[in-house]
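A closer look at the structure
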Amino acid sequence: MTRFALAASLSWAAVAATAQPGPVDPEFDAALPPLEATQAPPAEATPAQIPPVAPDPELARPLPPIATFDATPPPATTTQPKADPDARIRYTSKVTGLDAVSLDDAFKALSALRKGKGKAANATQVQARADEDVKLIERLLRSEGYYDGLAVATVDPVGDAPGQVAVTIAATPGDRYALGAIETRLDDPNAQPLTRAALGLKTGDPIVAAAIETAEANVALRLPEQGYPFVAVGARDVLLDDATHRGDYTLPVTAGPRSSFGALRAAGDPVFAVDHLAIFPRFKAGELYDSRKVDDLRQALVATSLFQSVAVEPVRTGTINPDGTEAVDLLVRQAKGPWRSLAASAGYGTGEGIKLTGSWTHRNLFPPEGALTVEAVAGTQQQSVGTTFRRSNAGRRDRTFQANASVARQRFDAYDAETASLAASLARTSTPIWQKKWTYSIGTELIATRETRNVANDTDRTRSTYLIAALPLQLGYDGSDSLLDPTRGFRVSGRLSPEAQRRGGGGGFDGYARMLLETSAYFPATGSIVLAGRARLGSIVGATRDSIAPSRRLYAGGGGSVRGFGFQELGPKDANNDPLGGRSLTEFAVEARYRFGNFGIVPFFDAGRVGEGSTPSLSGLRYGAGIGGRYYTNFGPMRVDIATPINRQPGESKVALYISIGQAF
């Protein structure tokens, strides 16, 4: 400003000085030529003085028509360089600053530069990927509470390597923000303590997006478990203060009315009427609403396999109970699924031969839930046909009544048999869809069978007819995590079957009892290896071995018993080296189940014995070892086991093969 005023005054002074008259110099004036003698320079010629130019006749000629032009481009010369379609830019990438905040692994999983595997079409694409990774880093930093975090990318050519660039991304997390004041705004003050407890956030906790989203989801989950079925979580508000690096958190929640269970309603396909639906709930009308019990009801309906889809949703009634809660009805929306099915399976076992099984089932032929199944078995050593009636949820949830009739023909080394049987039971059993902790079965059996009768010191195989009445009982506990492919937990089951037997055409009934105790355990040694073990003890008391029908004795050997031996091959044998069976059973098995993807390898070691006496013993155990392969499907593993007996005896299999569905135990 000062310099501009000073320059202006100096200019003004110079102009003023030239305007003032000064002294005259006569000699100077005399040296100048007179003005009259000075001639002006000649003027330039005007346009009118320029002579005209003759027109070019070629320019005056009309242009040829456009259609006469040849639009074909000239051929490329042999010296023109060709573009290399495989020419690519190669790059290296380096990221700094993320290790300190434990975000390096998360970045690597999502990085555009890493997905490009160090190759790009051109430098522009490299820069675009670097810019995308910069945005990714800043999102990751904000998700962990580093709201001031920045990232900068540089792309530099590698001097001594044409076509290569180096990408460097530097991340600066900055300070981490923490929660300040935490406020929940509810329409029902009584739900405030439940909401704060479910939210679980505390002042001073870092503002981590995943933790806050989990806390809000927990509110939407826990309140319906404690009487608020219509809860709605609003949009959070977080007010950040860059001076204190704190964020005040506010969450609006609409809890709705606190509710209790009312009545059941049905909608959609009439698969079940309301009276049958009332069998399934594990709650009573008037109890405080709990979404876990509603989900339990839905799962029980799914387990019937009669629905294509089924949903259970709460419906407000406006009725206020004496305790102040509102009665909420449950609307069951039903969509009918297919009720008929065909099934088939196949298996093979050394000593048992090939076995093919096929069945037809109508799951609701006798509503509600009255199923009829017809099954046939065709095998090299056994054939059978039978029919089964099954009433699921008979009078109460999870209780099943079953009755079946069958005829069978069996041809085993231990015995030959032609059998007709009738059986009925009342049970609580597990299914792959609805696995249960406790199971039981109470039943009855009537059996008429004609069988060979083996005697240890006799080479003849004589036939006898047996009439058998039995009352089989079973109790089991399943603490495993899967019915078909367990990886942790244990199982225990016990069976007791008092039986009365009449042999031949006369005489009374002989009584005895068959008992079996089995337990198995599963332990995940690593993420891909499961150690599994099984023990089984059996006993028959009250009758001698030879007086008991061969099909009711205890046997060992085979794919579900001691592998390495043929079916029923272990134990005492007659003069023809055929199994006699026994009255006591001892079995052990261990496996190491290694799984990789949908495949698995299972080395195993089994041990077992069958005794003539009724007391299980460890004396005289026989051993088998082998290896198996598994292919895991959505309905269970396909199993192929190959084993060999240790210290093989004459007449025993050198190698035993077993093909089946499901684990051995």
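What counts, and where the lines are drawn
- Residues numbered from 1 in each chain as written.
- Predicted model: local features only at pLDDT ≥ 70, side-chain atom pairs only at ≥ 80, totals over all residues.
- Heavy atoms only, no water.
- Helix = DSSP H or I, 4+ residues; strand = E, 2+ residues; numbered from the N terminus.
- Contact = heavy atoms within 4.5 Å.
- Expected span 1.5 Å × (residues − 1).
- Buried < 20%, exposed > 50% of the residue type's maximum accessible area, 1.4 Å probe, protein only.
- Pairing = 2+ DSSP bridges.
- Axes fitted to C-alpha atoms, helices over the stretch in contact; angles between N-to-C directions.
- Patch = residues over 30% accessible without salt bridge, like charges linked within 9 Å, V, L, I, M, F, W, Y side chains within 5 Å.
- Areas by Shrake-Rupley, 256 points an atom, 1.4 Å probe, with all protein chains shown as cover.
- Salt bridge = Lys/Arg side-chain N within 4 Å of Asp/Glu carboxyl O.
- Lys, Arg positive; Asp, Glu negative; His and termini not counted.
- Charge placed at Lys NZ, Arg CZ, Asp CG, Glu CD.

1. Describing the environment of Ile 540
Within the element layout of this structure, Ile 540 appears in strand β23 (residues 529-541). Sequence separation of Ile 540 and Arg 553 is 13 residues, and the distance between their C-alpha atoms is 7.9 Å. For Ile 540, the contacting residues outside a window of four places in its chain are Tyr 512, Ala 513, Arg 514, Ile 548, Arg 552, Arg 553, Leu 554, Gly 582, Arg 583 and Ser 614.

2. Quick notes on helix α8 (residues 209-225)
Over its 17 residues, α8 extends 25 Å from the first C-alpha to the last, a length consistent with the 24 Å expected when each residue adds 1.5 Å. Within α8, burial applies to Ile 212, Ala 215, Glu 216, Val 219, Leu 223, Pro 224 and Glu 225. Considering only its buried residues, α8 is in contact with β5 (178-186), α7 (192-199), β6 (232-233), β8 (246-254) and α10 (291-302). Phi turns positive one or two residues past the end of α8, at Gly 227, with a value near 100°.

3. Let's talk about unusual backbone geometry
The phi torsion of most residues other than glycine is negative, and most of the peptide bonds are trans. That bond from Pro 367 to Pro 368 is cis: its omega, -5°, falls within 30 degrees of zero. Backbone geometry at Ser 102 places phi at a positive 55°, although glycine is not the residue there. Within the secondary structure, Ser 102 sits in the loop between β1 (89-96) and α4 (104-110). Judged by relative accessible area, Ser 102 falls into the exposed class, the value being 65%. Positive phi values are uncommon outside glycine, yet Asn 647 reaches one of about 55°. In this structure, Asn 647 sits in the loop between β27 (636-645) and β28 (656-661). The exposure class assigned to Asn 647 is exposed, which follows from its relative accessible area of 61%.

4. Overview of α10
Counted at 1.5 Å a residue, the expected span for α10 with its 12 residues is 16 Å, and the 17 Å between its end C-alpha atoms agrees. When we look at burial in α10, the residues that qualify are Ser 291, Val 294, Asp 296, Leu 297, Ala 300 and Leu 301. Next to the buried residues of α10 lie α8, β9 (259-268), α9 (274-277), β10 (307-320) and β11 (326-336).

5. Examining the sheet that holds β11
One open sheet accounts for 3 strands, arranged β9-β11-β10; its pairing is mixed. What marks the edges here is a single partner per strand, and that holds for β9 and β10. Neighbouring strand axes in the sheet, compared pairwise and without regard to direction, differ in orientation by 25° on average. Bridging between β9 and β11 involves 8 bridges; their strand directions are parallel. Bridge pairing in β11 links Ser 259 to Glu 326. Most of the contacts of α10 go to β10, to which it runs at about 150°, and overall it touches β9, β10 and β11.

6. A few points about the sheet that holds strand β3 (residues 150-157)
Ordered in space as β2-β1-β4-β3, the 4 strands form an open sheet in which the pairing is mixed. Each edge of the open sheet carries a strand with a single partner, namely β2 (119-120) and β3. Against the sheet, helix α6 (residues 123-143) contacts β1, β2, β3 and β4 (164-172), and its axis sits at roughly 160° relative to β3.

7. Brief notes about a nonpolar patch on the surface
On the surface, Tyr 594, Phe 596, Phe 599, Ile 601, Ile 627, Tyr 631, Phe 635, Met 638 and Ile 661 cluster together into a nonpolar patch covering about 820 Å² of accessible area. Contributions of two or more residues to the nonpolar patch are made by β24 (584-596), β25 (599-611) and β26 (622-633). Summarising the element assignment, Tyr 631 is placed in strand β26. For Tyr 631, a relative accessible area of 39% gives the class partly exposed.

8. Concerning the pairing of β11
Extensive coverage of β11 is indicated by the burial of 9 of its 11 residues. The pairing of β10 with β11 spans 10 bridges and is antiparallel. Within β11, the residue paired with Glu 313 across the bridge is Leu 331. In this structure, the hairpin formed by β10 and β11 is closed by a connection of 5 residues, where Gly 324 is found at a positive phi of approximately 95°.

9. Description of a positive patch on the surface
On the surface, a cluster of positive charge is made up of Arg 88, Arg 90, Lys 117 and Lys 119. Its place among the elements puts Lys 119 in strand β2. Lys 119 sits in the partly exposed class, given a relative accessible area of 34%.

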